[in-house]
Amino acid sequence: MRVFDSNWMQIADYLQRDDRIVLPVGSTEQHGYLSLGTDALLAERVSVEAAEPLGVPVLPVLPFGMAPYFVEYPGSMSLRMSTYIEVIRDLLDCLASQGFRRIAVINGHGGNAPVAGLIREWVCAPRDERVEVLFHSWYNAPKTAEAASRFDDDQFHGSWLENFAWTRVAGAEIPGGSAPVLPRSLADNVTAREMRELSPDGSLGGAYQRSDEDMQVVWDAGVAEVRELLEKGWLDQ
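As the structure is a prediction and not an experimental result, all values here were calculated from the model.

(A) A look at the pattern of salt bridges. Evaluation of the coordinates by the stated rule reveals 11 salt bridges. Close ionic contact of Glu-121 with Arg-89 constitutes a salt bridge, the shortest N to O distance being 3.4 Å. Taken together, the positions of Glu-121 in helix 4 (residues 115–124) and Arg-89 in helix 3 (residues 81–98) put the pair 32 residues apart, joining distant regions of the chain. Assessed through its relative accessible area of 48%, Glu-121 is described here as partly exposed. Sharing partners across several salt bridges, the network here consists of Asp-18, Asp-19, Arg-20 and Arg-102.

(B) The arrangement of the side chain of Asp-39 in detail. Within the element layout of this structure, Asp-39 appears in helix 2 (residues 38–51). Buried charge Asp-39 goes without a salt bridge, the closest partner of opposite sign being Arg-184 at 12 Å. Among residues more than four places away in sequence, those in contact with Asp-39 are Gly-26, Ser-27, Glu-29, His-31, Gly-108, His-109 and Glu-162.

(C) Just the sheet that holds strand 3 (residues 132–137), in detail. In spatial order, the strands read 1-2-3; together these three strands make up an open sheet with parallel pairing. Of all strands in the sheet, those bounded by a partner on one side alone are strand 1 (20–25) and strand 3. Averaged over neighbouring strand pairs, the angle between their axes works out to 20° when direction is ignored. Bridge count for strand 2 (residues 102–107) against strand 3 is six bridges, and the pairing is parallel. Bridge assignment links Ala-104 to a residue of strand 3, and that residue is Leu-134.

(D) Expanded view of the packing of helix 2 against helix 8 (residues 212–232). In the contact formed by helix 2 and helix 8, the axes pass within 8 Å of each other and the chain directions differ by 60°. The angle between the axes of helix 2 and helix 8 places the two elements in the oblique class. Between helix 2 and helix 8 lies a crossing whose hand is right-handed. On helix 8, the residues that touch Leu-42, Arg-45, Val-46, Glu-49, Ala-50 and Ala-51 of helix 2 are Trp-219, Gly-222, Val-223, Val-226, Arg-227 and Leu-230.

(E) Highlighting the nonpolar core. Counting residues in hydrophobic clusters, the biggest one holds 49 residues, and the most contacted among them are Val-22, Ile-88, Leu-92, Ile-103, Ile-106, Val-133 and Trp-138. Among the elements that line this core, the one with the most residues is helix 8, at seven residues. Ignoring sequence-local partners within four residues, the contact set of Val-22 consists of Ser-47, Ala-51, Val-56, Pro-57, Val-58, Leu-59, Ala-104, Ile-106 and Leu-230. Listed in part, the nine residues of the second largest apolar core include Ala-67, Leu-182, Ala-187 and Leu-204.

(F) The pairing of strand 1, seen in detail. Among the six residues of strand 1, six are classified as buried, and the element is accordingly described as predominantly covered. The alternating pattern of strand 1 places Arg-20, Val-22 and Pro-24 on one face and Ile-21, Leu-23 and Val-25 on the opposite face, and all of these are buried. Inspection of the sheet shows strand 1 paired to strand 2 by six bridges, in the parallel sense. The residue of strand 2 that forms the bridge with Arg-20 is Arg-102.

Rules used throughout
- Residues numbered from 1 in each chain as written.
- Predicted model: local features only at pLDDT ≥ 70, side-chain atom pairs only at ≥ 80, totals over all residues.
- Heavy atoms only, no water.
- Salt bridge = Lys/Arg side-chain N within 4 Å of Asp/Glu carboxyl O.
- Helix = DSSP H or I, 4+ residues; strand = E, 2+ residues; numbered from the N terminus.
- Buried < 20%, exposed > 50% of the residue type's maximum accessible area, 1.4 Å probe, protein only.
- Lys, Arg positive; Asp, Glu negative; His and termini not counted.
- Contact = heavy atoms within 4.5 Å.
- Pairing = 2+ DSSP bridges.
- Axes fitted to C-alpha atoms, helices over the stretch in contact; angles between N-to-C directions.
- Parallel < 35°, antiparallel > 145°, perpendicular 65-115°, else oblique.
- Left-handed = near helix turned anticlockwise from the far one by under 90°.
- Core = buried A, V, L, I, M, F, W, Y, C linked by side-chain atoms within 4.5 Å.

Have a look at this one:
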């Protein structure tokens, strides 16, 4: 149930019987030969597919995140951490004030992970009623990562792991073979300009693609894991 497919009165009616909602968050950044919107596309799609059978509404994805290391690649956007934290805080405040008591933030971008600290702080703030907030990075959650590891342990940015039919773009021919792996210790410490030099096509290593059949296995695991979270991941059921 996409919020954009509802009017406010329908959401108000929903709140009479349920208090769950999903907020997908992603990023707009280079993904090698894949869409600049890969993280946002995947976060929203996995949320919608997981929530639809449960009738839980899904907000439109927040398409901008924290990706300062990619800003030398045209089209890549990054918010300051202070900005991003306040955006998430404002959204949580709005949802809580409207009566949502169980909020699942489904994350599609590793650079957004620091916001988990803000969420922990926000949940602990005094309020009249408990509000639960789950922060779930769907792409490396345990069951999804296990499914991906059946095929390849090299699971890096811009590689096969993010190469789905819905993240490919028209006119881009994806190479066969693999890109050299950029060591994480190095990737986590270089400047944006150095990142562009070290990874000219944007892939941080590993195979560029796998079969759609393999990718469907990974995707199905991701959807199932998010759905299980929405069903059973709450303290207050």
